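Chain residues, written in single-letter form:
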Amino acid sequence: MLLLLLFLLVILFGIFSQHKYDSGKAPSETSAVQGGVGLTIDPDAGDNSHRTSEKENTTEQGVMISGKGFITFPEGKKEISVDFYNPEENAELYYLTFELRLYNDSEQGYEVLYTSGLVEPGKHIREITLSRGLEKGVYKAAVHVQPYRMNENKTPTNNADMETRLIVK
């Protein structure tokens, strides 16, 4: 129970860094799966070449995640800049997947705008393609972060939803 509490506290520190818009990146083709079966390493995840995130926070046994709680991008654009990052401190412990969810009033409660493949420790996803563009406004959203143990079965562990804002100009 204490481990779960520590994990959730670390998650609350955020996940995004704001970056300028840069188009031209093809979307990742992944699908949601259960139990880690069929998950692959996300080809869009790269090295820490220009990391700008805030100082990270760690716990001895928890998953580490860092960043800010908003994303800004132009109206109608599907290709946007983000910083979905799996910190190096998760090495030998966890791969992460990221799902950007737009909250709405439907029965499901949210629309999935983007889903990543597995992101290895120390790797970033800097550009994503949304399932659709958005009109100007501020939207309530969440990044669903799913850690997977780095074993042959890629066992999922406790996940978290990082509340965020999508600021569309």
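Residues numbered from 1 in each chain as written. Predicted model: local features only at pLDDT ≥ 70, side-chain atom pairs only at ≥ 80, totals over all residues. Heavy atoms only, no water.

**Some remarks on the overall build of the protein**
Thinking step 1. Secondary structure summary: the protein contains one helix and eight strands in total.
Thinking step 2. Element order for the protein, N to C, with α for helix and β for strand: α-β-β-β-β-β-β-β-β.
Thinking step 3. For the protein, with 169 residues in total, the buried portion stands at 46%.
Thinking step 4. Partitioning the intrachain contacts of the protein with sequence separation of at least 6 by distance along the chain shows that 73% fall at a separation of at least 24.
Thinking step 5. Split by element, the accessible area of the protein, about 9100 Å² in all, is 48% carbon and sulfur. (Helix = DSSP H or I, 4+ residues; strand = E, 2+ residues; numbered from the N terminus. Buried < 20%, exposed > 50% of the residue type's maximum accessible area, 1.4 Å probe, protein only. Contact = heavy atoms within 4.5 Å. Areas by Shrake-Rupley, 256 points an atom, 1.4 Å probe, with all protein chains shown as cover.)

**Section: the environment of asparagine 151**
Thinking step 1. Structurally, asparagine 151 can be placed in the loop between strand 7 (137-149) and strand 8 (160-168).
Thinking step 2. Looking at asparagine 151, the relative accessible area reads 32%, which means it is partly exposed.
Thinking step 3. With 56 residues separating them along the chain, asparagine 151 and tyrosine 95 place their C-alpha atoms 9.7 Å apart.
Thinking step 4. At a separation of 3.1 Å, a polar atom in the side chain of asparagine 151 contacts the main-chain amide nitrogen of asparagine 153. (Polar contact = N/O pair within 3.5 Å; in protein donor to acceptor, adjacent residues only side chain to side chain.)

**A word on the sheet that holds strand 4 (residues 94-103)**
Thinking step 1. Taken in spatial order, the five strands of this open sheet run 2-8-7-4-5, and their pairing is mixed. This sheet does not close on itself; its edge strands, each paired only once, are strand 2 (70-73) and strand 5 (110-115). Along the sheet, successive strands turn relative to each other by an average axial angle of 30°, direction set aside.
Thinking step 2. In this sheet, strand 7 lies alongside strand 4 in antiparallel orientation, the contact comprising nine bridges. Looking at the pairing, leucine 96 lines up with proline 147 of strand 7. (Pairing = 2+ DSSP bridges. Axes fitted to C-alpha atoms, helices over the stretch in contact; angles between N-to-C directions.)

**Notes on the nonpolar core**
Thinking step 1. Judged by nonpolar contacts, the single largest core of 23 residues is most densely connected at Phe73, Phe84, Leu100, Ile128, Leu130 and Leu166.
Thinking step 2. Of all the secondary-structure elements, those providing two or more residues to this core are strand 2, strand 3 (79-86), strand 4, strand 5, strand 6 (123-129), strand 7 and strand 8.
Thinking step 3. Looking at this core element by element, the count peaks at four residues for strand 4. (Core = buried A, V, L, I, M, F, W, Y, C linked by side-chain atoms within 4.5 Å.)

**Description of the confidence of the model for the protein**
Thinking step 1. Mean pLDDT over the protein stands at 74; residues scoring 70 or higher make up 65%.
Thinking step 2. For residues 1-34, every residue scores under 50 in pLDDT, and the model assigns this stretch 89 contacts once sequence neighbours within four places are set aside.
Thinking step 3. Within the model, the stretch residues 50-60 combines pLDDT values under 50 with 24 contacts to residues more than four positions away or in other chains. (pLDDT = per-residue confidence, 0-100.)

**Some points on the packing of aromatic side chains**
Thinking step 1. Tallied over the entire structure, the rule returns two aromatic pairs.
Thinking step 2. The interplanar angle of 15° and the centroid separation of 5.0 Å between the aromatic rings of phenylalanine 84 and phenylalanine 98 together place this pair among those described as stacked. On the criterion of sequence distance, the pair formed by phenylalanine 84 in strand 3 and phenylalanine 98 in strand 4 is long-range, its members being 14 residues apart. Like phenylalanine 98, phenylalanine 84 is buried.
Thinking step 3. Judged by centre distance (6.0 Å) and plane angle (35°), the ring pair of phenylalanine 84 and tyrosine 114 falls under tilted. Taken together, the positions of phenylalanine 84 in strand 3 and tyrosine 114 in strand 5 put the pair 30 residues apart, joining distant regions of the chain.
Thinking step 4. Since its relative accessible area comes to 0%, phenylalanine 84 is described here as buried. (Phe/Tyr/Trp six-rings, centres within 6.5 Å; stacked < 30°, edge-to-face > 60°.)

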